[in-house]
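Structural overview for review
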Amino acid sequence: MIMQPLDLHRDTGKHIVLHLVNDTHTNLIHRCMNDTRLTDTYPVSSLYTLEDAKNYVMEENVAGQRGERFSFAILHTNQFAGICTLCNVQGETAKVDYWIVPEFWNQGIASLVLSKLIDYAKIELNLKLLKTGVLARNLASRRVLEKNGFSVECTLINEDKYHKKFKGETIIEMKLNL
C-alpha cells in the first residue's frame, strides 16, 4: 500500500503520507466530522458520534479486505489532514472520495493526494476509469479534480443518487480515464 512520503514543499521539508485507515484514526475522524466547515460539503450527519467513527473505520477495513474500498488517512507533517478513498471498486472502475481537515485547506494537499491516489488506482489496482460527484457549490473541490484531469460527465439535481443530506442540490459528475 502507499506508505512512502510524498514531498509537499521540498524547500520546507513538509511531507504527505497516506496510511490505510485504522483504529488509531478513529478519534481524529470523529473530531473532524463535527466541524461544520467540513460537513457543509461532506455527506455526514450533523452530529457525528465516536461510535459513528468506530463503525466507519471497521466498515472501511472489512471492505478493504474484500478489495471493494481502499481508504487512506492523510498525514501532513505527521498531523492528520483528512481521508481519501477509492470505493465501489468493480472491475476496472472505482469512485473517488476525499476530504481535507479545514486547517489544511488551500495548501495544495488535496491536489497532491488525489494525484497519488490516481497513481495507486492505475498502477496497483489496474483501474481504467475513476468517477466522482461534487456539489456544484464546492468550487475548490471541483478545481482539485480538474487539475488532476477529471472532466465533467454530466450535471444533475440530486434526488436519490447521492446522500439524502444534499437532496435537491446540483451535483457535477466527473470522470477520469486512466
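It should be emphasised that the depicted structure is a prediction, and the values quoted were computed from it without experimental measurement.

Here we take up the overall build of the chain. Within the chain one finds five helices and eight strands. Reading the secondary structure of the chain in the N-to-C direction produces β-β-α-α-α-β-β-β-α-β-α-β-β. Here the C-alpha radius of gyration of the chain, 16 Å, is about what a compact globule of 178 residues would show, namely 16 Å. Seen through its principal axes, the chain has C-alpha atoms that stretch 40 × 35 × 35 Å. Within the chain, the proportion of its 178 residues that are buried is 43%. The contacts of the chain with a sequence gap of at least 6 include a subset with a gap of at least 24, amounting to 59%. Charge-centre separation for the chain: the mean point of 21 positive side chains lies 3 Å from the mean point of 21 negative side chains.

Of note, S71 is situated in strand β3 (residues 70–76). Looking at S71, its side chain comes within polar contact range of the side chain of E60, at 3.3 Å. Setting aside its immediate chain neighbours within four residues, S71 contacts H19, L20, V21, Y56, E60, I83, C84 and T85.

Each packed pair of helices is defined by two parameters, the angle between the axes and the distance between the axes. Contact pair helix α4 (residues 109–123) / helix α5 (residues 139–147): the axes reach a minimum separation of 9 Å and the direction vectors enclose 40 degrees. It follows that α4 is oblique to α5 by the angle criterion. As α4 packs across α5, the resulting crossing turns out to be right-handed. Facing A110, S111 and L114 of α4, the residues of α5 in contact are V144, L145 and K147. Classifying every residue of the contact of α4 with α5 gives four nonpolar, one polar and one charged.

What follows concerns the packing of aromatic side chains. Within this structure, the stated rule accounts for four aromatic pairs. Between F72 and Y120, the ring centres sit 5.4 Å apart and the planes meet at 80 degrees, which makes this aromatic pair edge-to-face. Taken together, the residues F72 in strand β3 and Y120 in helix α4 connect sequence positions 48 residues apart. Accessibility classification places F72 together with Y120 in one group, the buried group. Here F80 and W99 contribute two aromatic rings whose centre-to-centre distance is 5.9 Å and whose plane-to-plane angle is 65 degrees, an arrangement assigned as edge-to-face. Of the two residues, F80 sits in strand β4 (residues 79–90) while W99 sits in strand β5 (residues 93–100), which places them 19 residues apart along the sequence. Through pairs of rings, three or more aromatic residues link up here, namely Y42, F80 and W99.

Here we take up the pairing of β5. Looking along a regular strand, one sees the side chains alternate between the two faces of the sheet. Most of β5 is tucked away, with six of its eight residues classed as buried. Examined bridge by bridge, β4 and β5 share seven bridges and lie antiparallel to one another. Bridging across to β5, G82 finds its partner in I100. The hairpin formed by β4 and β5 contains two residues between the paired strands, and G91 there has a positive phi angle of roughly 60 degrees.

Attention now goes to α5. Within α5, burial applies to S141, V144 and L145. One face of α5 carries all of its buried residues, which in axial projection span an arc of 95 degrees. Facing away from the buried surface of α5 by more than 90 degrees, the exposed residues are L139 and K147. Those residues of α5 that are buried lie in contact with β5, α4, β6 (129–135) and β8 (170–177). In the stretch just after α5, G149 is the one whose phi turns positive, near 95 degrees.

Moving on: the nonpolar core. Core analysis: the biggest nonpolar cluster contains 48 residues, and I29, I74, F80, L86, W99, L130 and F150 have the highest contact counts within it. In terms of residue count, the dominant contributor to this core is α4 (eight residues). By size, the runner-up hydrophobic cluster in this structure holds five residues, among which are L135, L156, F166 and I171.

What counts, and where the lines are drawn
Residues numbered from 1 in each chain as written. Predicted model: local features only at pLDDT ≥ 70, side-chain atom pairs only at ≥ 80, totals over all residues. Heavy atoms only, no water. Helix = DSSP H or I, 4+ residues; strand = E, 2+ residues; numbered from the N terminus. Rg over C-alpha atoms; globule rule 2.2 N^0.38 Å. Buried < 20%, exposed > 50% of the residue type's maximum accessible area, 1.4 Å probe, protein only. Contact = heavy atoms within 4.5 Å. Lys, Arg positive; Asp, Glu negative; His and termini not counted. Charge placed at Lys NZ, Arg CZ, Asp CG, Glu CD. Polar contact = N/O pair within 3.5 Å; in protein donor to acceptor, adjacent residues only side chain to side chain. Axes fitted to C-alpha atoms, helices over the stretch in contact; angles between N-to-C directions. Parallel < 35°, antiparallel > 145°, perpendicular 65-115°, else oblique. Left-handed = near helix turned anticlockwise from the far one by under 90°. Nonpolar A, V, L, I, M, F, W, Y, C, P; charged D, E, K, R; others polar. Phe/Tyr/Trp six-rings, centres within 6.5 Å; stacked < 30°, edge-to-face > 60°. Pairing = 2+ DSSP bridges. Arc of directions from axis to C-beta. Core = buried A, V, L, I, M, F, W, Y, C linked by side-chain atoms within 4.5 Å.

Functional significance is not addressed by these values, which are geometric in nature.
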